[in-house]
Structures are given as C-alpha cells and as structure tokens.
Amino acid sequence: MKCYNSFMSMINEQIKSLLEESNMIASFANVSACINMNYDNLNWAGFYFVKNGELVVGPFQGKPACTHIPFDKGVCGRCYREKSVQKVDDVLAVADHIACDAASRSELCVPILVNNEMFGMIDLDSPRKNRFTEKEVKEMLEAADSISQAILRHHWSY
Ligand code: SME
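A short tour of the structure in this document, coming up. Note that the structure is predicted; figures quoted are calculated from it, not measured.

Cut-offs applied
- Residues numbered from 1 in each chain as written.
- Predicted model: local features only at pLDDT ≥ 70, side-chain atom pairs only at ≥ 80, totals over all residues.
- Heavy atoms only, no water.
- Core = buried A, V, L, I, M, F, W, Y, C linked by side-chain atoms within 4.5 Å.
- Buried < 20%, exposed > 50% of the residue type's maximum accessible area, 1.4 Å probe, protein only.
- Helix = DSSP H or I, 4+ residues; strand = E, 2+ residues; numbered from the N terminus.
- Contact = heavy atoms within 4.5 Å.
- Salt bridge = Lys/Arg side-chain N within 4 Å of Asp/Glu carboxyl O.
- Polar contact = N/O pair within 3.5 Å; in protein donor to acceptor, adjacent residues only side chain to side chain.
- Axes fitted to C-alpha atoms, helices over the stretch in contact; angles between N-to-C directions.
- Parallel < 35°, antiparallel > 145°, perpendicular 65-115°, else oblique.
- Left-handed = near helix turned anticlockwise from the far one by under 90°.

1. With respect to the nonpolar core
- Residues I15, F28, I35, I122, L124 and M140 are the most contacted members of the largest nonpolar core, which totals 29 residues.
- Elements with a minimum of two residues in this core: α1 (10-18), α2 (24-38), β1 (44-51), β5 (106-114), β6 (117-126) and α4 (134-154).
- The element that contributes the greatest number of residues to this core is α4, accounting for 7 residues.
- Aside from chain neighbours lying at most four places away, what touches F28 is F47, F49, P59, F119, I147, I151 and W156.
- In terms of nonpolar packing, the next biggest core, distinct from the first, is built from 16 residues, W44, V57, A65 and V75 among them.

Quick look at the structure:
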C-alpha cells in the first residue's frame with residue numbers, strides 16, 4: 001500500500017491543471033479561486049508580486065486589499081525578507097500585521113521562489129484564529145512549487 005504522502009493532494013492536482021493556461025493573469029486568477037473554493041473559513045486568498053522594490057497585489061478572492069506593501073512591513077513583508085513561510089495563528093499578536101480586512105484573525109503567507117529569487121507569495125487570511133495547520137502549509141508549499149515551475153515554463157514575468 002502506498003504512503004498517503006506519495007500522492008499529490010486534490011487541491012494541488014487542480015492547481016497544476018489550472019497552471020497549464022499560458023496567460024499569467026488568467027492562471028493566477030483561477031488558482032486564487034481554486035484555493036478559496038477548496039479551503040473553508042477564508043476571507044482572502046490571493047497573490048502579491050514583487051515589483052519595483054515593493055509588493056503589489058495580484059489576482060485574489062476577497063475584499064479589496066492593500067495594493068502596495070513595502071518590504072519592511074507586515075506579514076507579507078516578512079515573508080519577502082525571510083523567503084520563508086509565515087503562519088500566523090493570531091494576527092492580533094503581530095504588531096505590524098496589516099489588516100486589509102478587520103475580520104482577519106489568522107494568516108498563511110507562502111513564498112513563490114524562482115531560481116531562489118522572490119517572485120511573489122500566496123497569501124491566505126481567515127476570520128478564525130489558528131485556522132492554518134501543517135496540512136495547508138504543505139499544500140501551499142507544493143502549490144508555490146508548481147507555480148514556480150509554471151513561471152519558468154511559460155516565461156512569465158511581472
Ligand atoms: N495581512 C497582510 C497584508 C495583506 S492582506 O492580508 C490581503 C500583511 O500583514 O502583510
């Protein structure tokens with residue numbers, strides 16, 4: 001019997017197939033919708049891209065969000081600086097958390113690295129504290145890896 005971990009999760013099967021679309025905005029828009037559809041208790045799911053020395057919002061599902069985020073601010077800024085996953089169980093405990101939606105209580109921010117350079121990040125917000133677990137971390141790391149491969153394959157730039 002094969003180990004569960006040897007199978008790609010359902011959400012990542014869907015994300016991989018959506019990334020076959022060669023138009024970058026179309027692809028990212030559908031991936032954000034796919035994450036929002038598969039995960040319960042989200043109030044925001046989408047992307048920030050690295051552009052001209054800051055982070056700029058990309059396709060997303062949810063309320064209108066901060067358009068520009070400096071590298072030295074917020075959970076997304078820390079994700080950029082540390083090139084690492086930020087799982088925030090209680091956003092109220094993070095002094096420089098940027099509240100795009102006052103309902104947000106926890107957040108998961110996963111870097112999208114291309115050739116070890118930050119291209120952007122997947123950002124998820126939840127109105128529930130402690131919403132994100134190792135399952136979502138693993139799945140979103142896998143999604144970020146698929147996105148990184150799609151960026152190289154389609155020669156996307158931003
Ligand atoms: N909370 C983020 C800002 C982006 S919104 O959550 C969509 C942050 O602290 O960087």
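2. Some words on the pattern of salt bridges
- Evaluated as defined, the whole model comprises 9 salt bridges.
- Between D72 and K73 there is a salt bridge, and its shortest N-O distance comes to 3.8 Å.
- By relative accessible area, which is 39% here, K73 ends up partly exposed.
- Notably, a salt bridge pairs D96 with R78, separated by 3.7 Å at the nearest N-O pair. Here D96 is found in the loop between β4 (86-88) and β5, whereas its partner R78 is found in helix α3 (residues 74-82), with 18 residues between them in sequence.
- With relative accessibility at 28%, the residue D96 sits in the partly exposed group.

3. Observations concerning the side chain of S106
- Here S106 shows up in strand β5.
- Here R131 takes part through its backbone nitrogen, which lies 3.3 Å from a polar atom of the side chain of S106.
- Not counting the four nearest positions on each side in its chain, S106 is found in contact with V88, D89, V91, L124, D125, S126, R128, K129, N130, R131 and F132.

4. Quick look at the packing of α1 against α4
- Interaxial distance between α1 and α4 falls to 10 Å at its minimum, and their mutual angle equals 15°. Regarding the angle of α1 to α4, the classification is roughly parallel. Crossing geometry of α1 relative to α4 is assigned as right-handed. Residues I11, N12, I15 and K16 of α1 lie in contact with α4, whose contacting residues are E139, M140, E142, A143 and S146.

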